[in-house]
Amino acid sequence: MSGQTDLWSLAVIVGLAAVTVLTRCFFFILDRPWGLPEWAHRALHYAPVAALAAVIVPEIVMTQGHLVSTWQDARIFGALAGAAYYFWRRGVLGTMLVGMAVYLPLHLGLGW
């Protein structure tokens, strides 16, 4: 039986494919124009920031699934330096450069 797909797995794959196609083609299937309510349109402006925070913050404050327990972590200092630069100059490239300029010496030089 190894190497064969059972009927249940095949049904799940077909079902997930159907749901994916239906949700992606939903706006083409409708016969009239459709718009989002104003509150949903405003909320979508925050989605990229929320997604970025959901990915970045755990990487900064956690190590292997546990909260960082020491102040000697280069990621924290790099993030703080980058945030300080961003609030000072509002430049994304400078934020990344300053954050890495603080992070790399601490991580590579001191082993934090």
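The preceding data block contains the structure.
Remember, predicted model here, so these are calculated numbers, not experimental data. (Residues numbered from 1 in each chain as written. Predicted model: local features only at pLDDT ≥ 70, side-chain atom pairs only at ≥ 80, totals over all residues. Heavy atoms only, no water.)

### Details of the overall build of the protein
Looking only at helices and strands, the protein features 5 helices and 2 strands. For 112 residues, the compact-globule estimate of 2.2 N^0.38 gives 13 Å, and the protein exceeds it by more than 25% at 23 Å. On the principal axes, the C-alpha backbone points of the protein span a range of 55 × 50 × 20 Å. Residues classed as buried in the protein amount to 9% of the 112 residues present. (Helix = DSSP H or I, 4+ residues; strand = E, 2+ residues; numbered from the N terminus. Rg over C-alpha atoms; globule rule 2.2 N^0.38 Å. Buried < 20%, exposed > 50% of the residue type's maximum accessible area, 1.4 Å probe, protein only.)

### Describing the packing of aromatic side chains
Applying the stated rule across the entire model yields 4 aromatic pairs. When the centroid spacing of 5.5 Å and the interplanar angle of 85° are considered together, the rings of Trp-71 and Trp-112 count as edge-to-face. Residue Trp-71 is found in the loop between strand E2 (66–67) and helix H4 (74–89), and its partner Trp-112 is found in the segment after helix H5 (92–109); the two are separated by 41 residues along the sequence. Overall, the relative accessible area of 23% leaves Trp-112 in the partly exposed class. (Phe/Tyr/Trp six-rings, centres within 6.5 Å; stacked < 30°, edge-to-face > 60°.)

### Focus: the packing of H4 against H5
Look at H4 against H5: their axes get within 8 Å of each other, and the N-to-C directions meet at 155°. Classed by the angle they form, the pair H4 and H5 counts as roughly antiparallel. At the point where H4 passes H5, the crossing takes the right-handed sense. Facing Ala-74, Arg-75, Phe-77, Gly-78, Ala-81, Gly-82, Tyr-85 and Tyr-86 of H4, the residues of H5 in contact are Gly-94, Thr-95, Val-98, Gly-99, Val-102, Tyr-103, Leu-106 and His-107. Taken together, the residues of the contact of H4 with H5 break down into 9 nonpolar, 6 polar and 1 charged. (Axes fitted to C-alpha atoms, helices over the stretch in contact; angles between N-to-C directions. Parallel < 35°, antiparallel > 145°, perpendicular 65-115°, else oblique. Left-handed = near helix turned anticlockwise from the far one by under 90°. Contact = heavy atoms within 4.5 Å. Nonpolar A, V, L, I, M, F, W, Y, C, P; charged D, E, K, R; others polar.)

### Comments concerning the pattern of salt bridges
Enumeration over the complete set of coordinates arrives at 1 salt bridge. Residues Asp-73 and Arg-75 are paired through a salt bridge, measuring 2.8 Å at the closest nitrogen-oxygen approach. (Salt bridge = Lys/Arg side-chain N within 4 Å of Asp/Glu carboxyl O.)

### Section: H5
Look at H5: 25 Å from first C-alpha to last across 18 residues, which is about the 26 Å you get at 1.5 Å a residue. Those residues of H5 that are buried are in contact with H4. In the stretch just after H5, Gly-111 is the one whose phi turns positive, near 75°. (Expected span 1.5 Å × (residues − 1).)

### With respect to H4
For H4, spanning 16 residues, the distance from its first C-alpha to its last is 22 Å, which sits close to the expected 22 Å at 1.5 Å a residue. The complete set of buried residues in H4 reads Ala-74, Gly-78, Ala-81 and Gly-82. All buried residues of H4 project into a common sector of 95° when viewed along the axis, lining one side. Turned more than 90 degrees away from the buried face of H4 sit Leu-80 and Phe-87, all of them exposed. In the core, the buried residues of H4 are packed alongside H5. (Arc of directions from axis to C-beta.)

### Side note on the side chain of Asp-73
Examined against the element boundaries, Asp-73 turns out to sit in the loop between E2 and H4. Filtering out sequence-adjacent residues up to four positions away, Asp-73 remains in contact with Thr-63, Val-68 and Trp-112.

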